Amino acid sequence: DKGDFVGREALRRAAAEGPRRRLVGLELRERGGVPRHGYPVLAAGRPVGEVTSGSFAPTLGRPVAMALVGAEWASPGTRLAVGIRGREVAAEVVSLPFYRRVRKPGRSPG
């Protein structure tokens with residue numbers, strides 16, 4: 001309702017269609033390396049996204065990553081792969097955050 005401005009139609013279209021890409025969490029399901037920024041995310045050998053950051057998560061005991069993927073691949077439980085050094089390593093979309101700290105009764109946060 002702010003009048004005409006450059007990009008107004010693009011914003012309307014984006015609001016009506018929803019996002020084309022989503023930021024998701026990935027957990028690797030097999031050994032094969034650690035996903036790093038820029039590595040491709042694959043579905044049936046086709047690129048569907050890209051890793052934005054990744055590391056080994058000691059609390060989970062496995063490599064994890066965040067990635068931008070097409071919205072159709074963003075549901076938790078979706079099986080994908082990450083291209084690491086020319087090899088497809090199995091991964092699964094998981095909810096973020098990767099780890100939630102369990103508070104002990106009677107302890108205040110902080």
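Now for a look at the structure at hand. (Residues numbered from 1 in each chain as written. Predicted model: local features only at pLDDT ≥ 70, side-chain atom pairs only at ≥ 80, totals over all residues. Heavy atoms only, no water.)

**A closer look at the pattern of salt bridges**
The following threshold applies: Any carboxyl oxygen of Asp or Glu that lies within 4 Å of a side-chain nitrogen of Lys or Arg is treated as forming a salt bridge with it. Secondary structure counts use DSSP, requiring at least four H or I residues in a row for a helix and at least two E residues in a row for a strand, with both numbered from the N terminus.
With the rule as written, the count across this model stands at six salt bridges. A salt bridge links Arg12 to Glu9, with the shortest nitrogen-to-oxygen separation between them at 3.1 Å. Of the two residues, Arg12 and Glu9 are both situated in helix α1 (residues 8-17); the distance of three residues between them amounts to about one turn of the helix. Between Glu92 and Arg79 there is a salt bridge, and its shortest N-O distance comes to 3.5 Å. Residue Glu92 is located in strand β6 (residues 87-94), and its partner Arg79 is located in strand β5 (residues 79-84); the two are separated by 13 residues in the primary sequence.

**Let's talk about the environment of Val93**
Rule in force here: Between buried and exposed lies partly exposed: a residue is buried under 20% and exposed over 50% of the maximum accessible area for its type, with that area taken using a 1.4 Å probe on protein chains only. Contacts: residue pairs with any heavy atoms within 4.5 Å of one another.
For Val93, the location among the structural elements is in strand β6. Judged by relative accessible area, Val93 falls into the buried class, the value being 2%. Put simply, Val93 and Pro105 are twelve residues apart on the chain and 31 Å apart in space, counted from C-alpha to C-alpha. Those residues in contact with Val93 that sit more than four places away from it in its chain are Val24, Gly25, Leu26, Trp73, Ala74, Ser75, Pro76, Gly77, Thr78 and Leu80.

**Quick look at the sheet that holds β5**
Keep this limit in mind: Pairing between strands is defined by DSSP: at least two bridges between the two strands are required. Inter-axis angles, ranging from 0 to 180 degrees, are taken between N-to-C directions of lines fitted to C-alpha atoms, where helices are fitted over the stretch in contact.
The strand order around the closed barrel formed by six strands is β1-β4-β3-β2-β5-β6, and the pairing between neighbours is antiparallel. When strand polarity is set aside, the average angle formed by the axes of neighbouring strands in this sheet is 45 degrees.

**A closer look at the nonpolar core**
Cut-off, in case you're wondering: Residue types Ala, Val, Leu, Ile, Met, Phe, Trp, Tyr and Cys, when buried and joined through side-chain atoms within 4.5 Å, form a set referred to as a nonpolar core.
Membership of the largest hydrophobic core comes to 17 residues, with the highest contact counts inside it found for Val24, Leu26, Leu28, Val41, Val69, Leu80 and Val82. Elements with a minimum of two residues in this core: β1 (21-28), β2 (40-43), β3 (46-57), β4 (62-70), β5 and β6. Dropping the residues within four chain positions of it, Val82 is found in contact with Leu26, Leu28, Pro35, Tyr39, Pro40, Val51, Arg87, Glu88, Val89 and Ala91.

**A closer look at the environment of Tyr99**
Here Tyr99 is to be found in the segment after β6. Considering only alpha carbons, one finds Tyr99 and Ala74, 25 residues apart in sequence, at a separation of 19 Å.

**Notes on the pairing of β5**
In regular strands, side chains alternate between the two faces of the sheet. Within β5, five of the six residues are buried, leaving the element largely enclosed by the surrounding structure. Summarising the sheet, β2 and β5 pair through two bridges and their orientation is antiparallel. Following the sheet pairing, Leu42 is matched in β5 by Ala81. With six bridges joining them, β5 and β6 adopt antiparallel strand pairing. Each residue of the ladder has a partner; that of Gly83, found in β6, is Glu88. Taken together, β5 and the strand that follows it, β6, pair antiparallel across an intervening segment of two residues, in which Arg85 is found at a positive phi of about 50 degrees.

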